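Residue-level structural notes
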Amino acid sequence: MTMALEIRELNKEYPGFRLENLNLKLPQGCIMGLIGENGAGKSTIIRLILGLAIADSGEILVNGERHTPTAAAWKELVGVVHDECFFPAEINGKQLGLVLRRIYRTWDEQKFEEYLTRFQLPGKKPLRDYSRGMRMKLSIAAALSHDSRLLILDEATSGLDPIVRDEILTVFREYIQDEEKAILMSSHIVSDLEKICDYIAFLHRGRLVFCEEKDLLKEQYRMVRCGRGALSDLPEGAVAGTRENAYGVEALVRIDPERPPAMPPGSVWDPATIEDIMLYAVREEGK
């Protein structure tokens, strides 16, 4: 299996923060979601990949080759969409296409025009008059209109309404269909990641808590609601986190999908969301 992105033993230290021994593998044809609280290290990882910061140690490979973000050939391979559109506000979509075709050797003007039409973006309207959703669509159109093999999204769907987000997620699904491309997607909207991602990587205080296939991760956990004493009936080590309330206790429970434990009397079991798993993992570490 070819890796679109591989990170090996990556370390970076800032005053008050340290990214420690990070290892990640993102296969081609897949989407990986980066989750974690503010300050967990998501943006640091993206900055290191893009060459906006220099790692203290470790290495990053893109499509199996050591990445050199200052090289023109490498920039052709990576498309980037940040949480804000940084194109000049005075130009319009048509003018942006003229600028970018001088920057990217693999720029596809026809594809860019097709995205402008699909996203209903007025080509002659200055960007300062675009809504936030329109600016994000334009950034995505630009990132997908050269020969990018790895698409990096840093909170690209934040602040957008559900209809626009759903439209954008559809485009991302289409992007990876040839199985030679991949997406690394950081977002606080965990429900979006749950819809679209193949892998979930959870960062907490600069450390990778887990990086798992999304479907396998969801099979391994359940939310259990029961009386305070009922959890003692579960196998040792099964309870990953608890929260008490006026009616009893709510717990995140690890299970073996092939041999799930018996339900404690009077308990209610529900599927765990990615957000449930993240929140309980943080709560347990903080105890």
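Before reading further, recall that the structure is shown in the block above.
Summarised in this report is the structure supplied together with it. Throughout this document, residue positions are counted from 1 along each chain, in the order its sequence is written. Note on the predicted model: pLDDT of at least 70 is required for a residue's local features to be given, and 80 or more for side-chain atom pairs to be given and counted; whole-chain, interface and lining totals, by contrast, use all residues. To get the side-chain values, all heavy atoms of the structure are used, and hydrogens and water are removed first.

Next up on the list: the pattern of salt bridges. A carboxyl oxygen of Asp or Glu within 4 Å of a side-chain nitrogen of Lys or Arg is what we treat as a salt bridge. The full count for this structure, using the stated rule, is 16 salt bridges. As a salt-bridge pair, Glu174 and Arg118 come within 2.7 Å of each other at their nearest N and O atoms. Of this pair, Glu174 sits in helix H6 (residues 162-175) while Arg118 is found in helix H4 (residues 109-118), placing the two residues 56 residues apart along the sequence. Here Asp270 ties to Arg225 by a salt bridge, and the two come within 2.8 Å at their closest N and O atoms. With Asp270 in strand E14 (residues 268-271) and Arg225 in strand E11 (residues 221-226), this pair connects stretches of sequence that are 45 residues apart. Salt bridges sharing partners connect three or more residues here, namely Glu6, Arg8, Glu59 and Arg66. Helix and strand assignments follow DSSP, with helices taken as H or I runs no shorter than four residues and strands as E runs no shorter than two, numbered in order from the N terminus.

Side-chain atoms within 4.5 Å link the members of a nonpolar core, which is a set of buried Ala, Val, Leu, Ile, Met, Phe, Trp, Tyr and Cys residues. Only protein chains enter the calculation, and the probe is 1.4 Å; a residue is then buried if its accessible area is under 20% of its type maximum, exposed if over 50%, and partly exposed in between. Ranked by size, the top nonpolar core spans 53 residues in total, and within it Leu151, Phe172 and Ile183 carry the most contacts. Ranked by residue count, the leading element in this core is helix H5 (residues 132-143), at 7 residues. Core analysis: the second largest hydrophobic core is formed by 30 residues, Leu5, Phe17, Leu48 and Ile60 among them.

This part is about the packing of aromatic side chains. Put simply, two rings from Phe, Tyr or Trp (the six-membered ring, in Trp's case) pair if the centres are within 6.5 Å, and we call them stacked under 30 degrees between planes, edge-to-face over 60, tilted for the rest. Within this structure, the stated rule accounts for 4 aromatic pairs. Ring centres of Tyr115 and Phe119 lie 5.8 Å apart, and the angle between their planes is 25 degrees; this geometry places the pair in the stacked category. Classification of Tyr115 as buried rests on a relative accessible area of 15%. Here Phe119 falls in the buried class, since its relative accessible area comes to 2%. Here the aromatic cluster, defined as three or more aromatic residues joined through ring pairs, consists of Tyr104, Trp107 and Phe112.

To continue, consider the environment of Ser43. The topology assignment puts Ser43 in helix H1 (residues 42-50). Assessed through its relative accessible area of 37%, Ser43 is described here as partly exposed.

A word on helix H3 (residues 93-100). Among the residues of H3, those classed as buried are Gly93, Leu96, Gly97 and Leu100. Taken around the axis of H3, the buried residues stretch over an arc of 100 degrees, which confines them to a single face. Only heavy atoms matter for contacts: two residues are in contact if any of them lie within 4.5 Å across the pair. For H3, the secondary structure elements touched by its buried residues are H4 and H5. Counting of polar contacts relies on pairs of N or O atoms within 3.5 Å, with two restrictions inside protein: one atom must be capable of donating a hydrogen and the other of accepting it, and residues adjacent in sequence are counted only when both atoms are side-chain atoms. Put simply, Asn92 is the residue that caps the front of H3, since its side-chain oxygen is 3.1 Å from the backbone nitrogen of Lys94. Comment: arc refers to directions from the helix axis out to C-beta atoms.

Okay, the sheet that holds strand E7 (residues 150-154) next. Strands qualify as paired when DSSP identifies two bridges or more between them. Strand order across the open sheet formed by 6 strands is E6-E7-E8-E3-E9-E10, with mixed pairing between neighbours. The open sheet has two free edges, formed respectively by strand E6 (78-81) and strand E10 (207-213), since each of these has just one partner strand. Taking the axes of each pair of neighbouring strands and ignoring which way they run, one obtains an average angle of 15 degrees across the sheet. Each of strand E3 (31-35), E6, E7, strand E8 (182-186) and strand E9 (199-204) touches H1; the most contacted strand, E7, lies at about 140 degrees to it. Between N-to-C directions, angles cover 0 to 180 degrees, with each direction set by a line fitted to C-alpha atoms, over the stretch in contact for helices. Against the sheet, H6 makes contact with E3, E7 and E8, and its axis sits at roughly 145 degrees relative to E8, the strand it touches most.

Moving on to the side chain of Glu76. Residue position: Glu76 is located in helix H2 (residues 72-77). A polar contact of 2.5 Å, which involves the side chain of Glu76, links it to the side chain of Thr106. When near neighbours in sequence (up to four residues on either side) are disregarded, Glu76 contacts Ile103, Tyr104, Arg105, Thr106, His146, Asp147 and Ser148.

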